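Observations on the three-dimensional arrangement
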Amino acid sequence: MLSVLRVHLPSDIPIVGCELTPYVLLRRPDSSITTEDVPESAPLDGYYLRYKWYRIQSDRKVAVCSVHPSEQATLQCLGCVKAKIPVAKSYHCSPRCFSDAWQHHRVLHDRAASAVNENGAEEEELFGRFGSSGSGSLNSSSVPAVGQSPSLNNGSATPLYPTAVTERSSSGETWFEVGRSKTYTPTADDIGHVLKFECVAVDAETRIPVGTPNTIFTSRVIPAPSPTPRRMIPVNGVDLIGHLDSDGRAASSGTFSVLSYNILSDAYASSELYSYCPSWALSWPYRRQNLLREIVGYHADILCFQEIQNDHFEEFLAPELDKHGYQALYKKKTAEVYSGNAHTIDGCATFFRRDRFSHVKKYEVEFNKAAQSLTEAVVPTAQKKTALNRLLKDNVALIAVLEAKFSNHGADIPGKRQLLCVANTHVNVHHELKDVKLWQVHTLLKGLEKIAASADIPMLVCGDFNSVPGSAPHALLAMGKVDQMHSDLVVDPLGILRPANKLMHQLPLVSAYSSFARTVGGGINLEQQRRRMDPTTNEPLFTHCTRDFIGTLDYIFYTADSLTVEALLELLDEDSLRKDTALPSPEWSSDHIALLAEFRCKPRTRR
C-alpha cells in the first residue's frame, strides 16, 4: 500500500508570490522509498496522493512589519497615511525598528510630496511632528494588539484581509480551502494568516483516504518586501520624466538601455557566507521571484547577467523573460562547482528585446582555451603543469553582435545597418592571482579589437570584473593601458604580463557611470548621485556590499566615439540598505546592485 512517511517545507515562512513546494517522502507498495509524485492521473497499484491547502483565518487581524516582515507590527507611521503611501509600508514592529529605518523610510515621504507638488496640488505638511532625533510621528494604537479586531484597510473600501468562510472551528478559526495541487503560491489574501498543507494516500477505486492525513502548518504569510524603486537620472541634458512609453522605456526610438547584473548564483548563496540574511530571503524560490520583479521593472532593452546557473537559465529565466519579449543567449563556464549534494555550473546570459534588436552573431570566449594556447606558446615544458594550475579558472565571456531595429531619426546613412557589439563577462579570479585577472581582461579586449577592426560597430563591455577602481584591470579598461610601475604588475610568476607595454588596446572605452561625475550642472538628483561617486576614480562608491567587503566590482564600458550616455539608474547609498544591513537582503536579492545605462548611437558619417 502507498503511504506517506514525512512531509516538510524547505522554509516555514511563506511569502506572497513565492511558490511553496513541500518535500513528500513516500513508501511504495514494494516497500521502496521515493519522493516522486503519484498523481490521480497515474495511480500506483491502485493508490494516488491527494493534496489540499488551507488558509486559516482567525477573528484577530494581523499587520506585519514593513522592515522585518516575519514580525508582527505594533506601530504605524502617520506620515504614510497622510501621504497615501501603500499602507503595508507604514507598519513597524518597534520604535527601534522605525528609528533605524528612518533614513530609508523618509524617502517614501519625500517622493510622495514631490509627486503631489508635480501634480500642482498643495503640499501637505508631513513632518510637523518629527523631532530632531530623526524619529517619525507614530500612532501606536493604529495597529491592533492581541485580542483586538479593528478593520484594517489599504486606503480603499476593500478590506486588507477579506473574509471568506468555508468551515468554522470551535476556536473561532475559519478554514478556507485555497488549493488542491502539491504546490501553492500565496496571494495577497493570505497575508497575516497561517497556511495548512494536507497530504494523504487515496484508494483510486473508492476515492476514500487511506490512513491519517499528514499535515504541516506554516508561519503567517508575509508580503514580499519591495525596495524603493530606483529612478533613471538624465546626464545629457534630457529630461526623461514624462517621456516614457507604455512599457516604461524612453519613447525616443534612437535610444536603448543596457542592464548589467550579477544576480548571485544559488550555488554560492549559502547561509554560512550570508548569515545576516534571513534563510527564507536567501532561498532560491524567493530570490528568483524577487529578482524577476526587479529585472522586469527596469524595462531594459539588453540584459547582461552573471552567475546564472544553467538549470535556472533553462527552467526559469529564459522562459519567464521570453514572456516579456526577450530572446536569450547563454554561455556556461567550463567546469562545475559542487554545491550541497549536487554539481552545478553557472555562466553569463545575455537577453535582448526582440522588438528592438535581432541576433546577428555570437562569440564565446573560454579563457581556459586561451590559457592552454598561451602555455603551449611561451611556457617551458617543465613549468606547463604549474602554469595551467594557475591560469585555468574556468571563466568565460559571451559576445553578442546585434542589429538595431530602430534608427537615429534619419541621422544615419540610409540603408546602412546599425550594429552593436555587447560583451558580457564574469572575471571570477582570486584576489591574490592579480596576473591571471589582468591577463583575462586583456585577452577579452584583444578579441574585441579584432571585431572592431572588421566592422564599424559601437561596443559595450559589461560585467563583474572583480576589480576595484584604480586596479590594473580597471586601468586597462578605462585608460587603454596600464602604467608600467603599477603595483599589480609585481605579481607575474609566469611572465605573462611582460613586456608591460603590451598591456594596451585601441578601443575608446569609457565607464558609463563616470558620466555622473563628468556631467556639468544638473539638478538635485544629479548632485545626490555625485555624492555616491568616488571623486578620485569617477566610479560608484560601491556596486557590491556584504559584511566582509563593500566596493565597486561591476562596470558598463562603452565606446565613446560611437555612443553617448543619456541616463543612468540611480545608485544606492549605504542608508538605502538600512542600518546594520548588507546584501543580499529581503529587499535586494543579490550581493551586487544592478547597473543600467541608456545610450544613443552617434550619427555616423560616410567613409
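Throughout what follows, the structure given in this document is the object of discussion. The model shown is predicted, which means the values in this text are computed figures rather than measured ones. (Residues numbered from 1 in each chain as written. Predicted model: local features only at pLDDT ≥ 70, side-chain atom pairs only at ≥ 80, totals over all residues. Heavy atoms only, no water.)

**With respect to the sheet that holds strand E19 (residues 357-366)**
As summarised here, the arrangement of the six strands in space is E19-E20-E21-E22-E28-E23, forming an open sheet in which the pairing is mixed. With partners counted over all chains shown, the strands left at the sheet margins are E19 and strand E23 (509-511), one partner each. Taken over all neighbouring pairs, the strand axes of this sheet differ in orientation by 20 degrees on average, direction set aside. Examined bridge by bridge, strand E20 (residues 396-404) and strand E21 (residues 419-426) share seven bridges and lie antiparallel to one another. Within E21, the residue paired with Leu398 across the bridge is Asn424. In the packing of helix H9 (residues 472-479) onto the sheet, contacts are made with strand E22 (459-464), E23 and strand E28 (554-559), and the angle to E28 comes to roughly 25 degrees. (Pairing = 2+ DSSP bridges. Helix = DSSP H or I, 4+ residues; strand = E, 2+ residues; numbered from the N terminus. Axes fitted to C-alpha atoms, helices over the stretch in contact; angles between N-to-C directions. Contact = heavy atoms within 4.5 Å.)

**With respect to the sheet that holds strand E15 (residues 326-332)**
With mixed pairing, the seven strands of this open sheet are ordered in space as E12-E29-E30-E13-E14-E18-E15. Looking at strand neighbours, the two that pair on one side only are strand E12 (232-234) and E15, the edges of this open sheet. The average angle at which neighbouring strand axes cross in this sheet is 25 degrees, direction not considered. Note that strand E14 (residues 302-309) and strand E18 (residues 346-353) share six bridges and pair antiparallel.

**Considering the packing of helix H4 (residues 284-298) against helix H5 (residues 310-322)**
One way to put it is that H4 packs onto H5 with a least axis distance of 11 Å and a crossing angle of 30 degrees. Here H5 runs roughly parallel to H4, going by the angle between their axes. Remark: the crossing between H4 and H5 carries right-handed chirality. Only His312, Phe316, Glu320 and Leu321 of H5 make contact with H4, whose side of the interface consists of Trp284, Arg288, Gln289, Leu292, Ile295 and Val296. (Parallel < 35°, antiparallel > 145°, perpendicular 65-115°, else oblique. Left-handed = near helix turned anticlockwise from the far one by under 90°.)

**Considerations on the packing of aromatic side chains**
Enumeration over the complete set of coordinates arrives at 19 aromatic pairs. Judged by centre distance (4.8 Å) and plane angle (45 degrees), the ring pair of Trp53 and Phe197 falls under tilted. Placement of the pair is Trp53 in strand E4 (residues 47-57) and Phe197 in strand E10 (residues 194-203), with a sequence separation of 144 residues. Comparing Trp53 with Phe197 shows no difference in burial state: the two are buried. Arranged with centres 6.4 Å apart and planes meeting at 80 degrees, the rings of Trp284 and Phe316 form a pair that is edge-to-face. (Phe/Tyr/Trp six-rings, centres within 6.5 Å; stacked < 30°, edge-to-face > 60°. Buried < 20%, exposed > 50% of the residue type's maximum accessible area, 1.4 Å probe, protein only.)

**Some thoughts on the pattern of salt bridges**
Tallied over the full model, the rule gives 22 salt bridges. The partner of Asp301 in a salt bridge is Arg353, with the nearest N and O atoms 3.9 Å apart. Highlighted residues: Asp301 in the loop between H4 and E14 and Arg353 in strand E18, separated in sequence by 52 residues. Classification of Asp301 as buried rests on a relative accessible area of 3%. Put simply, Glu449 and Lys446 hold a salt bridge, and the shortest N to O gap is 2.7 Å. (Salt bridge = Lys/Arg side-chain N within 4 Å of Asp/Glu carboxyl O.)

**Some thoughts on the side chain of Ser265**
With respect to the helices and strands, the residue Ser265 is situated in the loop between strand E13 (255-262) and helix H3 (279-282). Accessibility expressed as a relative area gives 2% for Ser265, which makes it buried. Engagement of the side chain of Ser265 in a polar contact is seen with the side chain of Gln309, the distance being 2.8 Å. Contacts of Ser265, omitting those with residues within four sequence positions, involve Arg287, Glu307, Gln309 and Asp346. (Polar contact = N/O pair within 3.5 Å; in protein donor to acceptor, adjacent residues only side chain to side chain.)

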